[in-house]
Amino acid sequence: MERWAIAPVTINTPMKILVLNAGSSSQKSCLYELIGATLPEHPPKPLWEAQIDWTHQELKVKTAQGNVIKETLPSSSRADGTAQMLATLWNGKTQVIENPGEINIVGHRVVHGGEEYRQSTFVTKEVKDAIAHLSIFAPVHNPANLEGIAAIEKILPTVPQVVVFDTAFHATLPPAAFVYPGPYEWLEMGIRRYGFHGISHQYCAQRAAQILGKDLNRLRIITCHLGNGCSLAAVREGRSIDTTMGFTPLEGLMMGSRSGSIDPGILIHLLRQPDYTVDKLDDILNRQSGLKGVSGVSNDMRQIGEAMANGSDRAQLAFDIFIHRLRSSIGAMLASLGGLDALIFTAGIGENAYEVRAGACEAFGFLGLKLDLEQNQEKLSEDRDIATPDSKVRVLVIHTQEDWAIAQECWQLAHSS
Ligand SMILES: Nc1ncnc2c1ncn2[C@@H]1O[C@H](COP(=O)(O)OP(=O)(O)O)[C@@H](O)[C@H]1O
Ligand SMILES: CC(=O)OP(=O)(O)O
Ligand SMILES: [Mg+2]
């Protein structure tokens, strides 16, 4: 493996920031170039954007120059797929950069930072050990985040790497929202609600204030991050005060292949059956439940929609449960906020599935929330307010920019160290 020297970072030279955002069903990456001594107000166009869809084993790459690459991944190995994706940065196919040594800093999304990591930080052995230790609480995510760090270490062993935590934004939850009503000792053992998707919830809340031209400190917002993993956050004065995911990213809404909240009595019952081990339950709850488990079709809302159109009753049931639980949880966030100025939809389902947005909003007409049904059905390639002018609550579709949020953290850490 070739190793590359790293370009030094100085304040006024262009800074190339590579971002790796490992989700449960995808690996999204961007290369940004930032010039100048201040951060731009709006996300700049990345030099290179790549996305791996692990469900379909597909790699798509787009460059600022207009090159588009689509490749099938030959193996299901995430490490190989990530290496294949990164190589498109400098191989003959795009030549976005001459060699990887041009990258100044690499930022990663890390899903679980536990109690200790409330702020973005540079990667050290200690930080990697903590991420590994927390893998038991985020088994689908933290190992993938560590793989991304290792992939970069192989190519660029001395490049500074930064980790940005999905849990950090929820550090402001009040005790009544984060303490579970089990024995008090649980809290001392670190068993509490952490909340996830914080990078996205925070970005969307800030972006909503920008779109509405209002002060974030005066807004009550519910952000619905509906991707393969799904969670809601109640945001008041720019701070997360409640959220649906908990100790792990398994709690809360029904998801692609995760159950979300279920009666814990079901687990006790199943564990008493001879065939059920803890590992089997883990697999069932994280990988064989949710849209996939109920429909028997797929974890992907697009395929659920197709199956519904073809008359699948189980796909219809999966969709109906998804909407029912989404509405109930929006209701719970609403109660924590004591009112609502804006409801935000984001991530794969939130940005694309108009039926889900319509299904969720229908229940909140009593608040004076009115969705513009025509606008809701349009292809929304830009962030947009899709409520009617007389609606008492704004409804926004925001394209989450987790990668840009991570790049900004890298920039800030690089300039403060
Ligand atoms: N055009 C679409 N219509 C409906 N659902 C979509 C569409 N595109 C993506 N999705 C849904 O979004 C999910 C992926 O969301 P995303 O936020 O990219 O995932 P991740 O949680 O991996 O970051 C898919 O599994 C699928 O359910
Ligand atoms: C925390 C989480 O569920 O992330 P994702 O939606 O990327 O799976
Ligand atoms: Mg995601």
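With an unreviewed UniProt entry as reference, the protein is termed Acetate kinase, source organism Microseira wollei NIES-4236. The annotation that UniProt attaches to the protein under Function (unreviewed entry) is "Catalyzes the formation of acetyl phosphate from acetate and ATP. Can also catalyze the reverse reaction." Per UniProt, the protein carries the Sequence similarities (unreviewed entry) text "Belongs to the acetokinase family."

To find leftover empty space, one rolls a probe the size of a water molecule over the atoms. Roughly 970 Å³ of volume is contained in the second largest pocket. Lining the second largest pocket are 24 residues, with Phe-247, Thr-248, Leu-250, Leu-267 and Leu-285 sitting closest to its centre. The set of elements that each furnish at least two residues to the lining of the second largest pocket consists of helix 7 (264–271) and helix 8 (278–287). When residues of the lining of the second largest pocket are assigned to their parent elements, the largest contribution, five residues, is made by helix 8. Tallied by class, residues from the lining of the second largest pocket come to 17 nonpolar, five polar and two charged.

Turning next to the site of ligand 1. Around ligand 1 lies a shell of 15 residues, among which Ser-25, Ser-26, Lys-28, Met-301 and Gly-348 are the nearest. Take Gly-348: an N or O atom from its main chain is 3.1 Å from an oxygen atom of ligand 1. When the free accessible area of ligand 1 is taken as 580 Å², the share hidden by the protein chains comes to 83%. For the shell around ligand 1, the secondary-structure elements that each account for two or more residues are strand 2 (26–34), helix 10 (301–309) and helix 12 (347–352). No other element matches the four residues that helix 12 contributes to the shell around ligand 1.

Applying the stated criterion across every chain yields a total of five aromatic pairs. Centre to centre, the rings of Tyr-32 and Trp-404 are 5.4 Å apart; their planes meet at 55°, and the pair counts as tilted. A residue pair is termed long-range when its members are at least 10 positions apart, and Tyr-32 in strand 2 and Trp-404 in helix 15 (residues 402–416) qualify at 372 residues. Relative accessible area serves as the criterion here: at 1%, Trp-404 is assigned to the buried category. Ring plane angle 50° and centroid distance 4.6 Å describe the contact between Phe-137 and Phe-247, whose orientation is recorded as tilted.

Reading guide: rules and limits
- Residues numbered from 1 in each chain as written.
- Chains lettered and ligands numbered in written order.
- Predicted model: local features only at pLDDT ≥ 70, side-chain atom pairs only at ≥ 80, totals over all residues.
- Heavy atoms only, no water.
- UniProt positions renumbered as here; feature names shortened; annotations may be inferred.
- 1 Å grid on protein atoms, 1.4 Å probe; cavity = no way out; pocket = protein on both sides within 12 Å on 5 of 7 lines; lining within 4 Å.
- Points joined across faces, edges and corners; volume = space filled by probe spheres on them.
- Helix = DSSP H or I, 4+ residues; strand = E, 2+ residues; numbered from the N terminus.
- Nonpolar A, V, L, I, M, F, W, Y, C, P; charged D, E, K, R; others polar.
- Near = heavy atom within 4 Å.
- Polar contact = N/O pair within 3.5 Å; in protein donor to acceptor, adjacent residues only side chain to side chain.
- Areas by Shrake-Rupley, 256 points an atom, 1.4 Å probe, with all protein chains shown as cover.
- Phe/Tyr/Trp six-rings, centres within 6.5 Å; stacked < 30°, edge-to-face > 60°.
- Buried < 20%, exposed > 50% of the residue type's maximum accessible area, 1.4 Å probe, protein only.

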